[in-house]
Amino acid sequence: MNMKKLFAVLSVFMFGASFASQAYAAATFPSTPYERTFIKSSARKNIGQQNAKLAAKYRAAMLNRFMTYTTYDSQSNDAVAITPEQIETAKKLYAEIQKFGFKTELTKNYYIYVEIPSNVAWKTPTLGFSCHYDTTPDIIGKGIKAQKIEKYDGKPIQLKNGHILSTETDPYLKNMIGKTIVTSDGTTMLSADDKAGVSVLVTFIQTLAENPSKKHGKIQIVITPNEDVGRSADFIEETPYNPDIAFDFDGGVNGEVVVGNFNAEKVIYKVHGVNGHQSMAAENGYRNAWKPACELGAACAQEKWLPNNSTGKQGYVELHHMDMSEGKANVAELDFRLRDFSQKNIDAWKVYADSVANKISDQFGVKIEREVYKQYGNVAESIHPQARQVVTNALQNAGITPNFKEERAGTTASMLMLKLGNGAYTLFTGQNNPHAFTEWLSEEDMYKAYLVALNLADEIVMMR
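Residues numbered from 1 in each chain as written. Predicted model: local features only at pLDDT ≥ 70, side-chain atom pairs only at ≥ 80, totals over all residues. Heavy atoms only, no water.

1. Points about the environment of Lys 367
To keep things clear, this is the line we draw: Going along the chain from the N terminus, every DSSP run of H or I of four or more residues is numbered as a helix, and every run of E of two or more is numbered as a strand. We call two residues in contact when some of their heavy atoms are within 4.5 Å. A 3.5 Å cut-off defines polar contacts: any pair of N or O atoms within that distance qualifies, except that in protein one atom must be a possible hydrogen donor and the other a possible acceptor, and neighbouring residues in sequence count only when both atoms are side-chain atoms.
Among the structural elements, Lys 367 can be located in strand 14 (residues 367-376). Discounting chain neighbours no more than four positions away, the residues touching Lys 367 are Lys 270, Val 271, His 272 and Ser 361. At 3.3 Å, the side chain of Lys 367 forms a polar contact with the side chain of Glu 369.

2. Observations regarding the pairing of strand 8 (residues 219-224)
Two faces, one strand: in a regular strand the side chains alternate between the faces of the sheet. Counted only if it meets this: Classification of residues uses two cut-offs on accessible area relative to the type maximum, computed with a 1.4 Å probe and protein chains only: under 20% is buried, over 50% is exposed, and between them is partly exposed. Two strands are said to pair when DSSP picks up at least two bridges between them.
Where burial is concerned, most of strand 8 is hidden: 6 out of the 6 residues are buried. Side chains Ile 219, Ile 221 and Ile 223 project from strand 8 onto one buried face, and the interleaved Gln 220, Val 222 and Thr 224 project onto a second face that is buried too. Where strand 3 (residues 127-132) lies against strand 8, 6 bridges are found, and the strand directions are parallel. Paired with His 132 across the bridge in strand 8 is Thr 224.

3. Considering the environment of Glu 227
With respect to the element layout, Glu 227 can be found in the loop between strand 8 and strand 9 (245-251). Spatially, the C-alpha atoms of Glu 227 and Thr 135 are 7.9 Å apart, while their sequence positions differ by 92 residues. Discounting chain neighbours no more than four positions away, the residues touching Glu 227 are His 132, Asp 134, Ser 232, Asp 250, Thr 412 and Met 415. A distance of 3.0 Å separates the side chain of Glu 227 from the side chain of Thr 412, its partner in a polar contact.

4. Quick look at the pairing of strand 10 (residues 256-261)
The buried fraction of strand 10 amounts to 6 of the 6 residues, a majority that puts the element mostly inside the structure. In this sheet, strand 15 (residues 403-407) lies alongside strand 10 in parallel orientation, the contact comprising 5 bridges. Within the sheet, the bridge partner assigned to Val 258 lies in strand 15 and is Lys 405. As paired elements, strand 10 and strand 16 (residues 425-428) share 2 bridges and run antiparallel to each other. Looking across to strand 16, one finds that Val 257 is bridged to Leu 427.

5. Focus on helix 4 (residues 59-69)
Of the residues making up helix 4, those classed as buried are Met 62, Leu 63, Arg 65, Phe 66, Met 67 and Tyr 69. Those residues of helix 4 hidden inside the fold are in contact with helix 5 (84-98), strand 4 (147-149), strand 7 (181-183), helix 6 (192-210), strand 18 (440-442) and helix 12 (443-461).

6. Some thoughts on the sheet that holds strand 4
A sheet is described by the order of its strands in space; here 4 strands give the open sequence 4-7-18-17, paired in antiparallel fashion. Two strands bound the open sheet, and with one partner strand each, they are strand 4 and strand 17 (431-432). Pairing of strand 4 with strand 7 involves 3 bridges; the strand directions are antiparallel. The partner of Lys 148 across the bridge, within strand 7, is Val 182.

7. Some points on helix 9 (residues 343-364)
An α-helix turns once per 3.6 residues; consequently, residues spaced three or four apart project the same way. Counted only if it meets this: Here the expected span of a helix is defined as 1.5 Å times the quantity of residues minus one.
Its 22 residues give helix 9 an end-to-end C-alpha distance of 31 Å, which sits within 8% of 32 Å, the value for a rise of 1.5 Å per residue. Where helix 9 starts, the residue carrying a side-chain oxygen 3.3 Å from the main-chain nitrogen of Lys 344 turns out to be Ser 342. Two residues or fewer past helix 9, Gly 365 is found with a positive phi of approximately 65 degrees.

8. Remarks on the packing of helix 8 (residues 290-300) against helix 9
Stated formally: Only the contacting stretch of a helix is used when fitting its axis, a line to C-alpha atoms as for every element, and angles between N-to-C directions run 0 to 180 degrees. An angle below 35 degrees is treated as roughly parallel, one above 145 as roughly antiparallel, one from 65 to 115 as roughly perpendicular, and anything else as oblique. Note: crossing handedness is left-handed where the near helix turns anticlockwise from the far helix by less than a right angle, and right-handed where it turns clockwise. In the scheme used here, Gly and all other residues not listed as nonpolar or charged are polar, with Ala, Val, Leu, Ile, Met, Phe, Trp, Tyr, Cys and Pro taken as nonpolar and Asp, Glu, Lys and Arg as charged.
At their nearest, the axes of helix 8 and helix 9 sit 10 Å apart, and the two run at 155 degrees to each other. As judged from the angle between their axes, helix 8 and helix 9 are roughly antiparallel. Here helix 8 runs over helix 9; the crossing is right-handed. Contacts between helix 8 and helix 9 involve Lys 291, Pro 292, Glu 295, Leu 296, Ala 299 and Cys 300 from the former and Trp 349, Tyr 352, Ala 353, Val 356, Ala 357, Ile 360 and Phe 364 from the latter. For the contact of helix 8 with helix 9, the per-class residue count stands at 11 nonpolar, no polar and 2 charged.

What follows is the structure, encoded as structure tokens:
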């Protein structure tokens with residue numbers, strides 16, 4: 001790529017529940033593999049109504065399940081492979097899920113995998129659901145005392161340690177007047193991130209186990225550790241999880257669906273100087289590593305590309321830090337963080353940065369090496385082509401208006417995508433203010449997410 005074309009590319013990078021038999025009879029199944037099957041709207045409505053009746057039977061049990069899960073201390077910690085608290089939580093969840101009778105595995109690294117076989121005669125895409133049982137290490141998560149507030153009156157909620165929840169600071173609370181919410185007592189987080197998602201999926205598994213007449217295709221479910229330290233995909237290969245159409249239950253509220261997110265890479269450049277006494281540098285070949293490193297940093301993390309100048313769909317480049325590599329003063333390490341909705345833009349930056357590094361290497365007589373670490377990918381670039389229509393139908397059939405959004409961050413689904421090759425959308429679960437003392441759960445949104453899960457199973461049955 002010539003430099004003119006390269007800078008043109010870089011400018012883009014920076015700126016810019018059970019079925020009635022008549023419902024199946026109404027469907028026609030095309031011969032094209034996994035082609036969407038369209039049924040009469042009246043039949044779909046009938047299916048949605050049946051799911052709503054079924055879901056209502058499990059609503060109270062799901063909330064009680066969530067309250068129980070908040071008592072499980074399951075904080076992750078980036079300094080260890082897995083915390084003892086996560087291991088204990090994984091064992092409790094595994095024992096609970098195993099009783100439902102489906103194939104259930106607890107892997108060596110404490111992933112919980114559940115496989116529900118298809119009970120229809122035709123081949124459908126494999127539906128995948130995921131969530132995570134760990135909670136963030138960034139805030140106190142031990143000894144959680146969740147508070148269930150029924151028929152919320154709209155008034156400020158006084159928590160301990162001076163924390164207050166109110167409709168002024170949390171406008172979404174206005175939608176909860178007369179409904180049930182759950183908060184912490186103010187001394188810890190609540191852990192709705194992602195015990196709300198775990199509650200949804202375990203209740204979903206229970207529902208299918210106890211209602212075998214509900215039709216569904218093959219379903220794979222994985223519950224992961226270490227999501228809140230960015231390692232939920234580290235050992236996903238220990239499980240058979242690799243669905244065709246997937247959804248991650250770890251989102252916000254009110255029909256939110258994350259349909260796109262940043263691609264993320266960490267790029268390390270190491271500038272190797274040459275040892276020697278500085279006073280005799282002209283004779284002994286000494287080469288300082290830090291001046292060329294500074295030149296490289298300035299050229300490859302220009303002010304216009306910094307995070308504070310990035311909004312919306314714009315990507316950014318940040319020189320996250322510079323340090324001595326392995327404690328060696330003559331090896332300067334530059335850690336660049338790249339974020340963009342387009343992988344092509346990140347790749348273009350790497351071409352540009354390499355060209356700059358080569359020139360600086362020649363100019364200063366130093367060796368420069370590069371290492372690239374892919375952190376997560378944009379699910380929109382590798383999503384099943386019919387996933388959006390499937391989730392739209394599932395939401396609308398639950399009486400929910402889809403709220404599609406693109407996240408300037410990563411998701412569990414985006415981490416799993418790196419190893420599985422397929423993207424997934426992240427669905428709302430009722431989480432509010434995650435990683436905070438004022439974290440709270442919308443019981444209604446958690447229930448709606450569960451209903452959407454039932455509807456998604458039906459939508460997949462309508463594919464072959």
